[in-house]
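A closer look at the structure
Chain residues, written in single-letter form:
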Amino acid sequence: MIPLLVLWTGLGQRQANATSLVAIIPIAIAAVPIYYFRQGAPDVDVRVAIFLIIGSMVGAYLGARVLKRIPERQLRIGVAVLMILVGIKQVLVP
Amino acid sequence: MTLADVLAVAGGLVAGLLSGAIGIGGGLVFVPILTVGFRVAQTVAQGTSLAAIVPTALVGGVTHLRQGNASVQAALWVGGGGLVGAIGGAIIAIHLESLLLARVFGVFYIAAALLLLQRALVDPKAHQDSSATPTP
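Rules and cut-offs
- Residues numbered from 1 in each chain as written.
- Chains lettered and ligands numbered in written order.
- Predicted model: local features only at pLDDT ≥ 70, side-chain atom pairs only at ≥ 80, totals over all residues.
- Domains from an automatic or database assignment.
- Contact = placed C-beta atoms within 7 Å.
- Helix = DSSP H or I, 4+ residues; strand = E, 2+ residues; numbered from the N terminus.
- Nonpolar A, V, L, I, M, F, W, Y, C, P; charged D, E, K, R; others polar.
- Axes fitted to C-alpha atoms, helices over the stretch in contact; angles between N-to-C directions.
- Left-handed = near helix turned anticlockwise from the far one by under 90°.
- Core = buried A, V, L, I, M, F, W, Y, C linked by C-beta atoms within 7 Å.
- Buried ≥ 20, exposed ≤ 12 C-beta atoms within 10 Å, placed from the backbone.

1. A short note on the domain arrangement of chain A
Parsing chain A into structural domains produces domain 1 (1–41) and domain 2 (45–94). A separation of 17 Å is found between the C-alpha centroids of domain 1 of chain A and domain 2 of chain A.

Spelled out as structure tokens, the structure:
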């Protein structure tokens, strides 16, 4: 969403980050009930979601504060390579 | 609290750290943690990830709106369009077979990774101020 906002609306990176966070709210709120209230067992594990939230709230705070000094470029490249490996794994042996 | 709960907190911590530090979405980290790490079915991973994103985005998004960081007009357009897309996408996702959905997600994931790589390698502005806010 962020590259799209930067390219199409000409927003700066910081403003695009903030805007995408606002825009995801209606998107996630609309999608969750569809996953939860499907026929059969719900496709939402509420317990796992709660513990993920606890971790990610703390992580986001630390990430924004403590990790400011981390070399972003290298971290991005490392995460992208890891993501490509996970993606290939999901395509080949899901 | 079980071991799985502790691992979920650790997974959330990693997702939060990465989104805070380099601005990649929480969902991009949540879903593979759930499928590869927890061996959860793809549809359940996507539904659970979306549920975990709601409170995070509410807190972060409302804060940004109050501080005037977000473009309200762009958020309305993207959020409105995304809302329609999300309803359609979610209906398709819950009807797709989980293994096929995992493969589709894999292709999307590689594309997202290439975009991230491009931002790191090509765009000089990417290093300046993108670390401020986590995005799902």
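2. Some remarks on the interface of chain B and chain A
Of the residues lining the interface, 80 residues belong to chain B; the matching set on chain A comes to 66 residues. Contributing elements (two or more residues each) for the side of chain B that touches chain A: α1 (3–22), α2 (26–37), α3 (42–67), α4 (72–95) and α5 (98–121) of chain B. The dominant element in the side of chain B that touches chain A, judged by the number of residues it contributes, is α3 of chain B, at 18 residues. Classifying every residue of the side of chain B that touches chain A gives 50 nonpolar, 25 polar and five charged.

3. A closer look at the packing of helix α3 (residues 46–65) of chain A against α1 of chain B
Interhelical geometry of α3 of chain A versus α1 of chain B gives an angle of 35° and a closest axis separation of 6 Å. Between α3 of chain A and α1 of chain B the crossing geometry is right-handed. Class assignment of the residues belonging to the contact of α3 of chain A with α1 of chain B gives a composition of 19 nonpolar, nine polar and one charged.

4. With respect to the nonpolar core
Ranked by internal contacts, the top residues of the largest apolar core, which has 63 residues, are Ile24, Ala28, Ala31, Tyr35 and Leu52 of chain A together with Leu18 and Phe30 of chain B. Take this core: its biggest share by element is 13 residues, from helix α2 (residues 13–36) of chain A. Residues from two domains meet in this core; each of domain 1 (1–41) and domain 2 (45–94) of chain A gives at least three. The residues contacting Tyr35 of chain A, other than those within four sequence positions of it, are Asp43 and Val44 of chain A together with Thr43, Gln46, Gly47, Leu50, Ala90 and Ile94 of chain B.

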